[in-house]
Amino acid sequence: MKTIYLDHAAGTPVDDKVVDGMIPYLKGYFGNPQSIHVYGEEAKGAIEAAREVMADLISADPGEIYFTANGTESNNIAIKGIAHAAKKKGSHIVVSAIEHQSVLHSVKSLVKEGFSVTHVPVDKHGVVSLEDVKKAMVDETILVSIMHANSEVGTIEPIGEIAKVAKERGAIFHTDAVSAVGNIPVDVNKLGVDSLSLSGSQFYGPKGAAALYLKKGTRIVPFIDGGIQEDGRRPGTENVPGIVGLGLAARLAKDEMADRAKHLTVLRDALISGLTSKIDHIYLTGHPEKRLPGHASFVVEFIEGEAMLLSLSMEGVCVASGSACTSKALKASHVLEAMKVETALAQGSIVFSFGMMNTMEDVDYVLEVFPPIIERLRKMSPLYTKYLKEGKK
Amino acid sequence: MYSEKVMDHFRNPRNVGVLDNADGIGEEGNPVCGDMMTFYIKVKDDRLEDIKFQTFGCGSAIAVSSMISEMAMGKTLDEAMKITNKDVAEELGGLPKNKLHCSNLGADALHRAIENYRKDVKVEPKAKRPEKPADSAAHCHCPYCGEEFDCKDSHVEMCQNRPASE
């Protein structure tokens, strides 16, 4: 059976060109970049070349890029590091209600240390309101962190405007741009952000290679103690093959972004229009237009997400869901909850995210197999039976 | 994540449907928590002559409902009332620890249908999320965070990850 991967929001495959470029640094140039012999120099040179390319992708200066292992680590370094460095000025932090757990839990840790936090709500499309950010900020606010694009519903936030508001009030602005960088144009200067997290595994780079952008002059207190790597902000021996791969993926993303977006948008829109016309009681989640190019997320009424996910997997289609049963904590998605999606409806969450290997044939296949799955699951749903019998939900 | 047997019951659930003239109906869970099961029974000479179920829930919830319907079919009411959550999970070749609550719901829904028949009065569906297996094994797992805790304690009540509405 053919397998169709539609879970690129969770992680993209590594581009062949990226793999090819990484292999020499696994096999031959294995030296520690801090060593001052030929092996070390070669590795160091490769890292610095990757830093330049990475910086170029987001219009930063290479000296503002710090390599990390993943988006979670970048968010932790930024949130905790900035808060600790600025605590003499204040102790209040503003985040949105739909942030990734690495942001929410970092803030939760800070609250245990005495910081306070305000969670800004979102509208029904998952968009953070500028007015709400303004209202949330107080004189004590030192840091505002709002994600660039949401991986679960695909909504792209008005980061430039929010950053401006935060900066006007004297706060440092961080954005978790893990889902955005490499997929949509991101320019740190135009956006006016002080700090930004990104990850190569979201744009055909390897897992274990990510970065944090810190605008020159942005102070952080590092939470890993060690050597001088990454200017001491993220000590530890560098993941040279991973960083090389991240750089290569960044170069490809910059060169191919427009073509990729065009391809992914066509697939996304075909799936959205196909599913909403073939299935009743299915609703698109996230913003109808301001959304990631390859992202189509829905809630399907009367059935539950994991059952849909397993059924699609049996047909060879790999997707994601934000239903309670797919989370270890058995809680429905905090993103859908913040968007005020009715709790029972949020259980029917299903997320399709396209990548460059996908074709229109894949869309057609999903449109062929998914409606009968919905029909089958609804046949065994007491909620659907009740709806058919009583005409009410 | 799931055993072959769980996947078999999920793929081909047995006894799905509604019994129009059911002798007893039992409902457990609610869609807000994520799972809801309704069992319909027909009783003849104190035995379960027919069982049907409907489930709103995950793969585990559907497989549990199907398994219980098979285990209980043809049994006397007393025998069916003795089917425990642990029996169902074991019969399915085990369930992931954070899915054990699905087996609680299934057995409870069947037992509720039998109680409904015996009392010959309508039993109001009770929306709840069970905390402890009926047979009170030494350790339970919190359905919200998956953490193991002593069944005598009320970890679920204390769990910070539980939904605010709970």
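Residues numbered from 1 in each chain as written. Chains lettered and ligands numbered in written order. Predicted model: local features only at pLDDT ≥ 70, side-chain atom pairs only at ≥ 80, totals over all residues. Heavy atoms only, no water.

A.B. asks: For this particular structure, what's the right way to read the overall build of chain A?
C.D. replies: Broken down by element type, chain A carries 13 helices and twelve strands. On C-alpha atoms alone, chain A measures out to a radius of gyration of 22 Å, which is about the 21 Å that the 2.2 N^0.38 rule sets for 393 residues. If one aligns the C-alpha atoms of chain A with their principal axes, the spans along those axes are about 75 × 50 × 35 Å. Relative to its 393 residues, chain A shows a buried fraction of 58%. Look at the contacts in chain A between residues 6 or more apart in sequence, and 73% of them connect residues 24 or more apart. Total accessible area on chain A is roughly 16100 Å²; 54% of this is exposed by carbon and sulfur atoms. Side-chain charges of chain A comprise 42 positive and 48 negative groups, with the mean position of each set lying 5 Å from the other. (Helix = DSSP H or I, 4+ residues; strand = E, 2+ residues; numbered from the N terminus. Rg over C-alpha atoms; globule rule 2.2 N^0.38 Å. Buried < 20%, exposed > 50% of the residue type's maximum accessible area, 1.4 Å probe, protein only. Contact = heavy atoms within 4.5 Å. Areas by Shrake-Rupley, 256 points an atom, 1.4 Å probe, with all protein chains shown as cover. Lys, Arg positive; Asp, Glu negative; His and termini not counted. Charge placed at Lys NZ, Arg CZ, Asp CG, Glu CD.)

A.B. asks: Mind showing me how you'd approach the pattern of salt bridges here?
C.D. replies: Pairing between side chains of opposite charge can happen when the charged atoms of each approach one another. Residue and element names in this part refer to chain A. Under the definition given, this model contains 19 salt bridges over all chains. Here Arg-51 makes a salt bridge to Glu-48, at a shortest N to O gap of 2.9 Å. One end of the pair is Arg-51 and the other is Glu-48, both in helix 2 (residues 38-57) and three residues apart, which spans about a single turn. Its relative accessible area of 28% is what places Glu-48 among the partly exposed residues. Put simply, Arg-234 and Glu-73 hold a salt bridge, and the shortest N to O gap is 2.5 Å. Of the two residues, Arg-234 sits in the loop between strand 8 (210-214) and helix 8 (240-278) while Glu-73 sits in helix 3 (residues 71-85), which places them 161 residues apart along the sequence. Take Arg-234 and Glu-73: they sit in the same class, and that class is buried. One connected set of salt bridges, linked through shared partners, spans Lys-44, Glu-48, Arg-51 and Glu-230. (Salt bridge = Lys/Arg side-chain N within 4 Å of Asp/Glu carboxyl O.)

A.B. asks: I tried to follow the environment of A:Leu252 on my own but got confused; where do I start?
C.D. replies: Mapped onto the elements of the fold, A:Leu252 is located in helix 8. Taking the C-alpha atoms as reference points, A:Leu252 and A:Ala171, separated by 81 residues in sequence, lie 34 Å from one another.

A.B. asks: Help me understand the interface of chain B and chain A, please; the structure alone is not making it clear to me.
C.D. replies: The figure often quoted for interface size is the accessible area lost as the parts come together. On the chain A side, the residues contacting the 34 residues of chain B number 27 residues. Taking both partners together, chain B and chain A bury about 2300 Å²; carbon and sulfur atoms supply 64% of that area. It is B:Phe10, B:Gln54 and B:Phe56 in chain B that bury the most area against chain A; as a group they hold 25% of the surface buried on that side. Where chain B packs against chain A, one counts zero salt bridges. Along the contact surface separating chain B from chain A lie eight residue pairs in polar contact (both at pLDDT 80 or more). Secondary structure elements with two or more residues in the side of chain B that touches chain A: helix 1 (4-11), strand 2 (35-44), strand 3 (47-56) and helix 2 (59-72) of chain B. Each residue belonging to the side of chain B that touches chain A can be placed in one class, and the counts come to 17 nonpolar, 13 polar and four charged. (Buried area = accessible area lost by both parts, 1.4 Å probe. Polar contact = N/O pair within 3.5 Å; in protein donor to acceptor, adjacent residues only side chain to side chain. Nonpolar A, V, L, I, M, F, W, Y, C, P; charged D, E, K, R; others polar.)

A.B. asks: I would appreciate a short explanation of the sheet that holds strand 3 of chain B in the present structure.
C.D. replies: In spatial order, the strands read 1-2-3 (chain B); together these three strands make up an open sheet with antiparallel pairing. Either end of the sheet is taken by a strand with one partner, and the two such strands are strand 1 (24-30) and strand 3 of chain B. Within the sheet, the average angular offset between the axes of one strand and its neighbour, ignoring direction, is 15 degrees. Bridge count between strand 2 of chain B and strand 3 of chain B: nine bridges; the pairing is antiparallel. Residue pairing in the sheet places B:Met36 in a bridge with B:Phe56 of strand 3 of chain B. Packed onto the sheet, helix 13 (residues 382-390) of chain A meets strand 2 and strand 3 of chain B and runs at close to 85 degrees relative to strand 3 of chain B. In this fold helix 5 (residues 100-119) of chain B packs onto strand 1, strand 2 and strand 3 of chain B, with an angle of close to 40 degrees to the strand it touches most, strand 2 of chain B. (Pairing = 2+ DSSP bridges. Axes fitted to C-alpha atoms, helices over the stretch in contact; angles between N-to-C directions.)

A.B. asks: What's the story with the pairing of strand 3 (residues 92-96) of chain A in this structure? I'm lost.
C.D. replies: A regular strand places its side chains on the two faces of the sheet in alternate fashion. All names here are of chain A. Burial runs high along strand 3: five of the five residues are buried. Neither face of strand 3 is left uncovered, since the one carrying His-92, Val-94 and Ser-96 and the one carrying Ile-93 and Val-95 both have all their residues buried. Examined bridge by bridge, strand 3 and strand 4 (residues 116-120) share five bridges and lie parallel to one another. Of the residues in strand 4, the one forming a bridge with Val-94 is Thr-118. Chirality of the crossover, the property in question, places the unit of strand 3, helix 4 (residues 101-112) and strand 4 among those that are right-handed. (Right-handed = clockwise from strand over helix to strand, strands pointing away.)

A.B. asks: When you look at the sheet that holds strand 9 (residues 282-285) of chain A in this model, what are you seeing that I'm missing?
C.D. replies: Strand pairs in the sheet, formed through backbone hydrogen bonds, run parallel or antiparallel to each other. Residue and element names in this part refer to chain A. Judged by pairing direction, the sheet is antiparallel, and its three strands sit side by side in the order 9-10-12 without closing on themselves. Two strands in the sheet have a free side with no partner beyond their single neighbour: strand 9 and strand 12 (349-353). With direction set aside, neighbouring strand axes in the sheet form an average angle of 30 degrees. Pairing between strand 9 and strand 10 (residues 295-300): four bridges, direction antiparallel. In the strand pairing of strand 10, Thr-285 is matched with Ser-297. Taken strand by strand, helix 9 (residues 305-314) contacts strand 10 and strand 12, and its axis lies near 40 degrees from that of strand 12.

A.B. asks: Before we go on, may I ask you to explain the nonpolar core in this structure?
C.D. replies: Nonpolar side chains tend to gather and get buried jointly when the protein is soluble and globular. In this structure, A:Met54, A:Ile58, A:Val181, A:Leu196 and A:Phe203 are the most contacted members of the largest nonpolar core, which totals 68 residues. It is helix 8 of chain A that contributes the most residues to this core, nine residues altogether. Ignoring sequence-local partners within four residues, the contact set of A:Leu196 consists of A:Ile58, A:His174, A:Thr175, A:Ala177, A:Val181, A:Val186, A:Val188, A:Ala211, A:Leu212 and A:Tyr213. Formed by 67 residues, the second largest nonpolar core is a distinct cluster that contains A:Leu267, A:Leu377, B:Tyr2 and B:Leu48. (Core = buried A, V, L, I, M, F, W, Y, C linked by side-chain atoms within 4.5 Å.)

A.B. asks: It is not clear to me how the packing of helix 9 of chain A against helix 1 of chain B should be interpreted in this structure. Could you clarify?
C.D. replies: Two elements in contact, helix 9 of chain A and helix 1 of chain B, have axes whose closest approach is 11 Å; the angle formed by their N-to-C orientations is 95 degrees. If you check the angle between helix 9 of chain A and helix 1 of chain B, you find them roughly perpendicular. Contacts between helix 9 of chain A and helix 1 of chain B involve A:Ala307, A:Leu310, A:Ser311 and A:Met314 from the first element and B:Met7, B:Phe10 and B:Arg11 from the second. Classifying every residue of the contact of helix 9 of chain A with helix 1 of chain B by side-chain character gives five nonpolar, one polar and one charged. (Parallel < 35°, antiparallel > 145°, perpendicular 65-115°, else oblique.)

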